[in-house]
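The primary structure of each chain is shown beneath.
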Amino acid sequence: MDEPTSGLDPLIRSQVLKILTEYMEKGGKGVLFSTHILSDLDKIADMLVMIDNGKIVFQEEKDALLDQYRIVKGDVRQLNETVRKLILNIEETDYGFTGITRQISELKQFIPDVIVEHAAIEDIMLANIRNGGKK
């Protein structure tokens, strides 16, 4: 299905997602749909495939994907060339940096006091798009 909940009000969208979930739970069926409403993915997706400009950026189980990525925040002065390679989509301000990484263990070796938060699907997708799909 292409954008099955697009244009629906929140109540009807929730009902459509419930119907899809119930359908999938009966007999191990699956539903393939494309969407730009990422909160829908949070609610019912098991597997996520991100396609950008016709290329698959990632194809992962949702929970595994969410376990791999972390949002990181810290002092801009801690960003050297090695650290920058470990972070996707770095945003810098006068007050610090924010980015996303799949390499939190390695990053903590260089910045032990880095602030770490869980990433949402939207954070992961935006970082991969802005990074051009590079690993």
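Residues numbered from 1 in each chain as written. Predicted model: local features only at pLDDT ≥ 70, side-chain atom pairs only at ≥ 80, totals over all residues. Heavy atoms only, no water.

**Concerning the pattern of salt bridges**
Per the counting criterion, the structure on display carries five salt bridges. Across the pair D40 and R13 runs a salt bridge, and its minimum N-O distance is 3.0 Å. In this pair, D40 sits in helix α2 (residues 38–44) while R13 sits in helix α1 (residues 10–25), placing the two residues 27 residues apart along the sequence. Taking the relative accessible area as the measure of exposure, D40 reaches 0% and is therefore buried. (Salt bridge = Lys/Arg side-chain N within 4 Å of Asp/Glu carboxyl O. Helix = DSSP H or I, 4+ residues; strand = E, 2+ residues; numbered from the N terminus. Buried < 20%, exposed > 50% of the residue type's maximum accessible area, 1.4 Å probe, protein only.)

**Focus on unusual backbone geometry**
Despite not being glycine, E3 shows a phi value in the positive range, around 50°. Residue position: E3 is located in the segment before α1. Even without being glycine, N89 reaches a positive phi, approximately 50°. Along the polypeptide, N89 turns up in strand β4 (residues 88–93).

**Some thoughts on α1**
Over its 16 residues, α1 runs 22 Å from end to end, which matches the ideal 22 Å to within 8%, given 1.5 Å per residue. Among the residues of α1, those classed as buried are R13, L17, L20 and M24. One face of α1 carries all of its buried residues, which in axial projection span an arc of 60°. Along α1, the residues that are exposed and aim more than 90 degrees away from the buried face are L11, K18, I19 and E25. Against α2 lie the buried residues of α1. Where α1 begins, one side-chain oxygen reaches toward the backbone nitrogen of L11, 3.0 Å away; that side chain belongs to D9. Looking one or two residues past α1, G27 carries a phi angle of roughly 80°, positive in sign. (Expected span 1.5 Å × (residues − 1). Arc of directions from axis to C-beta. Contact = heavy atoms within 4.5 Å. Polar contact = N/O pair within 3.5 Å; in protein donor to acceptor, adjacent residues only side chain to side chain.)

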